[in-house]
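# Close look at the chain arrangement
As a plain string of letters, each chain reads:
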Amino acid sequence: MNNKRENFGSRLALILAMAGSAIGLGNIWRFPYLVGQNGGAAFIIVYLVSCFVLVLPIFMAESIIGRRTRLSTFGAMKKLAPGTPWKWLGLLTVITPLLILGYYSVVGGWSIDYLWKACTLRLTHDTAGLFPIFISSTWEPLFAFTLFIVATAVIILLGVKNGIEKFTKFCMPTLFVLIVAIVIFGLTLPGSSEGVRYLVKPDFSKIDAGVVAAAMGQAFFSMSLGMGTILTYASYAPENENIMASGIGTTFADLGFALLAGFAVMPAVFSAGIQPGEGPGLVFDTLPYIFSQMPSWIGAIVSIVFFLTILMAALTSSISVLEVGVAYLVEEKGIGRVKSTIIITLIGWVLGIFCSLSFGPLSGAKLFGLTIFDCMDKLCSDWLLPLGGLLFTLFVGWYMSKTDVRDEFTNHGTTNVGIFNVVYFLMRYLAPLGILVVFITNLVL
Ligand code: PHE
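Anyway, here's the lowdown on the structure attached to this text. (Residues numbered from 1 in each chain as written. Predicted model: local features only at pLDDT ≥ 70, side-chain atom pairs only at ≥ 80, totals over all residues. Heavy atoms only, no water.)

## Some words on the site of the ligand
Heads up, the condition is: The rule for a residue being near a molecule or strand is that one of its heavy atoms must lie within 4 Å of it. Contacts described as polar in this section are N or O atom pairs within 3.5 Å, which, within protein, must combine one atom able to donate a hydrogen with one able to accept it, while residues neighboring in sequence count only if both atoms come from side chains. Surface exposure here means Shrake-Rupley accessible area, sampled with a 1.4 Å probe, where a residue is shielded only by the protein chains that are shown.
Near the ligand, the surroundings consist of 15 residues, among which Ala22, Gly26, Tyr104, Phe221 and Ser224 are the closest. A distance of 3.4 Å separates an oxygen atom of the ligand from a polar side-chain atom of Asn27. Here a nitrogen atom of the ligand sits 3.0 Å away from a polar atom, N or O, in the main chain of Ser222. The protein chains hide 100% of the 320 Å² of surface that the ligand would expose on its own.

## Let's talk about a nonpolar patch on the surface
Going by this rule: Only residues whose relative accessible area exceeds 30% and that form no salt bridge enter a patch; like-charged residues are grouped when within 9 Å of one another, and nonpolar side chains (Val, Leu, Ile, Met, Phe, Trp, Tyr) when within 5 Å. Salt bridges, as used here, are contacts in which a Lys or Arg side-chain nitrogen is within 4 Å of a carboxyl oxygen on Asp or Glu. Per the convention used, a helix needs a DSSP run of H or I reaching at least four residues, while a strand needs a run of E reaching at least two, with both numbered from the N terminus.
Judged by side-chain polarity, Leu157, Val338, Ile342, Leu346, Trp349, Val350 and Phe354 come together as a nonpolar surface patch covering roughly 610 Å² of accessible area. The element best represented in the nonpolar patch is helix H15 (residues 337-357), accounting for 6 residues. Within the fold, Val338 resides in helix H15.

## Focus: the state of the cysteines
Counted only if it meets this: Cysteine sulfur pairs qualify as disulfides if the two atoms are within 2.5 Å. Each residue is assigned to one of three classes by its accessible area relative to the maximum for its type, calculated with a 1.4 Å probe on protein chains only: buried under 20%, partly exposed between the two thresholds, exposed over 50%.
Scanning the entire structure with this criterion turns up 0 disulfides. As a non-bridged cysteine, Cys51 has Cys380 as the owner of its nearest cysteine sulfur, 19 Å distant. Given a relative accessible area of 1%, Cys51 falls into the buried group. For Cys355, which is in no disulfide, the shortest distance to another cysteine sulfur is to Cys380 and amounts to 8.9 Å. Cys355 sits in the buried class, given a relative accessible area of 0%.

## Section: the side chain of Asp382
Let me state the cut-off plainly: We call two residues in contact whenever any of their non-hydrogen atoms come within 4.5 Å of each other.
As for its position among the elements, Asp382 is in helix H16 (residues 372-399). The class of Asp382 is buried, set by a relative accessible area of 17%. What Asp382 contacts, discounting residues up to four positions off in sequence, is Asp377, Val438, Phe439 and Asn442.

## Some words on the packing of aromatic side chains
For any pair of aromatic rings, the description consists of the separation of the ring centres together with the inter-plane angle of the planes. Filter applied, for reference: Whether two aromatic rings pair depends on their centres lying within 6.5 Å, for rings of Phe, Tyr and Trp, where Trp uses its six-membered ring; planes under 30 degrees apart make the pair stacked, over 60 edge-to-face, and the rest tilted. Our definition puts a charge over a ring when NZ of Lys or CZ of Arg is within 6 Å of the ring centre and also within 35 degrees of the ring normal.
Taken as a whole and judged by the stated rule, the model has 33 aromatic pairs. Taking 6.2 Å as the distance between ring centres and 70° as the angle between the ring planes, the aromatic pair formed by Tyr114 and Phe131 counts as edge-to-face. Separated by 17 residues along the polypeptide, Tyr114 in helix H5 (residues 87-119) and Phe131 in helix H6 (residues 130-136) bring together distant segments of the chain. By the burial criterion, Tyr114 is buried, and Phe131 matches it. The interplanar angle of 50° and the centroid separation of 5.3 Å between the aromatic rings of Tyr114 and Phe307 together place this pair among those described as tilted. Placement of the pair is Tyr114 in helix H5 and Phe307 in helix H14 (residues 296-333), with a sequence separation of 193 residues. In this structure an aromatic cluster arises from ring pairing among Tyr103, Trp110, Tyr114, Phe131, Phe134, Phe284, Phe291, Phe306, Phe307, Phe359 and Phe373. Its guanidinium or amino end placed over the ring of Phe221, Arg30 lies 4.8 Å from that ring's centre, counting from NZ or CZ. Across from the ring centre of Trp398, 3.7 Å away, lies the NZ or CZ of Arg428, which sits over that ring.

## Points about unusual backbone geometry
In this structure, Arg70 is a non-glycine residue whose phi angle is positive, near 50°. For Arg70, the position within the fold is in the loop between helix H3 (41-69) and helix H4 (73-80). One non-glycine residue, Ser224, lies in positive phi territory at about 55°. Among the structural elements, Ser224 can be located in the loop between helix H10 (209-222) and helix H11 (229-235). In this structure Ser224 comes out as buried when scored by relative accessible area, which is 11%.

## Description of the pattern of salt bridges
The full count for this structure, using the stated rule, is 15 salt bridges. Two residues, Glu239 and Arg70, come together in a salt bridge whose shortest N-O distance is 3.6 Å. Here Arg70 lies in the loop between H3 and H4 and Glu239 lies in the loop between H11 and helix H12 (243-271), a separation of 169 residues in the sequence. Among the residues examined, Glu239 registers a relative accessible area of 60% and is labelled exposed. For Arg70, a relative accessible area of 15% corresponds to the buried category. Among the ionic pairs, Lys206 bridges to Asp203, the shortest N-O distance being 3.5 Å.

## Focus on empty space enclosed by the protein
This is how the line gets drawn: For cavity detection a 1 Å grid was placed over the protein atoms alone, and a set of points counts as a cavity when a 1.4 Å probe fits there but cannot get out; an open set counts as a pocket when protein lies on both sides within 12 Å along at least five of seven lines, with lining residues being those that have an atom within 4 Å of a point. Grid points are joined across faces, edges and corners, and a volume is the space filled by probe spheres set on the points.
Across all of its chains, the model carries 2 cavities of 30 Å³ or more by this definition. Only helix H1 (11-22), helix H2 (25-37), H5, H10 and H14 provide two or more residues apiece to the lining of the largest cavity. Counted as a void, the second largest cavity has a volume near 60 Å³. If you go around the second largest cavity, the residues you meet are Ile182, Phe185, Gly186, Ala264, Ala268, Leu287, Phe291, Met294, Val302 and Phe306. Looking at the lining of the second largest cavity, the elements with two or more residues in it are helix H8 (160-187), H12, helix H13 (282-292) and H14.

## Points about the environment of Thr286
Tracing the backbone through its elements, the reader meets Thr286 in helix H13. Accessibility expressed as a relative area gives 5% for Thr286, which makes it buried. Distance in space between the C-alpha atoms of Thr286 and Glu323 is 33 Å, their sequence separation being 37 residues. Contact partners of Thr286, with chain neighbours within four places excluded, come to Val269, Ile274, Glu278 and Gly281.

## Side note on the packing of H16 against helix H18 (residues 420-444)
So the rule is basically this: Structural elements are reduced to axes, namely lines fitted to C-alpha atoms, with helices fitted over the stretch in contact, and the angle between N-to-C directions of any two is expressed from 0 to 180 degrees. Put simply, angles under 35 degrees are roughly parallel, angles over 145 are roughly antiparallel, angles from 65 to 115 are roughly perpendicular, and the rest are oblique. What makes a crossing left-handed is the near helix being turned counterclockwise from the far one by less than a right angle; a clockwise turn instead makes it right-handed. Classes in brief: Ala, Val, Leu, Ile, Met, Phe, Trp, Tyr, Cys and Pro nonpolar; Asp, Glu, Lys and Arg charged; the others, Gly included, polar.
Two elements in contact, H16 and H18, have axes whose closest approach is 9 Å; the angle formed by their N-to-C orientations is 155°. It follows that H16 is roughly antiparallel to H18 by the angle criterion. When you trace H16 past H18, the crossing you get is left-handed. Listed contacts from H18 to Asp382, Trp383, Pro386, Leu387, Gly389, Leu390, Thr393, Leu394, Val396, Gly397 and Trp398 of H16 are Tyr424, Met427, Arg428, Tyr429, Ala431, Pro432, Ile435, Val438, Phe439, Asn442 and Leu443. Looking at the contact of H16 with H18 residue by residue, the classes come out as 16 nonpolar, 4 polar and 2 charged.

That's the geometry; what it means functionally is another story.
And the structure:
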């Protein structure tokens, strides 16, 4: 079965697909509001450090496993550690994507709905109350969510080369142009310099354990780590791809995009005199309000461009989430790609229905005081993704033999020989320790 496997056609295709997975709602929706809630520039600095010290080694760990085995997570664990409890890590990476697919697609649906609202000029006037009314209603968000998850499934049905590769090759450069256009526009608004100052002038007294844990958790989520996405994409890497180079390329792309999103959102927020600590509604509630205050033709263009950007970024990520589950069913259960895609999409859809309704009819259903949506978000980004990441680094750092890890990392001794020891050290010690810090902080806070 293995030799029928598709691969990405080139290094560029691999990096664009990985960057496409990494860059998503995490960058445009989550990052700006977390920056706003956690003290601006100080949060960004902790985030930057986490990306290179914590996230890059885990990225490498997943890449090494994927490229070495050329299998999906479950099969990779069975091949490298047959008959050991490591198979549970494989199982974890089948469950987490299902949960993420469900709630991520709900927010993806919001971006479809808001793009529609922008196109029909609904965002150029009187947006007060629009967002709370929208998310707490039953059918409109459900319909948009269904459209989003079906769009994700269609791309996956087309396959690795014709679906994922073609779609990300088209979207990623477009996304970059769109976000730069929004940043430039935001910077021309009166009073926007206050927002810029907020993003570049750190107030170190704002850094506490909670800020560090939030930055690390966000770095995980944003780089799509801890559930086998990067592992699966790396398993489609072209032969002899320099995996360190694709790791660094993806990290810079993801970081750069998050910062651009910060610069797209904060100057506009400050220019409108709004507090940045708004929370999850920042992008869907506050920004439309700002757009509605602009001359209507400008508001119309900017809102269309903005929500189109969010939608494309969300889709290039959701396909990577779906692919993990599909690859598992195809390779481990021998189910065809079409059937596998339908099965995983249906499970994600059912879970997502509950998440979507948890803003309205099911808002009273709470677990640990959290709604279903918040529970899924917290469970995945605070616990399951870091747990998966921890297990991946421990697996590569402590279970696999150093010779095998070095062999894969250096493409059989031909590249990156010099930095291998540094990354290996980070994988064995610093990254696991960093994740433990996240866990302990999340437990205590
Ligand atoms: N990294 C994606 C984003 O930033 C989300 C994601 C998480 C995708 C985990 C795959 C796996 O939006």
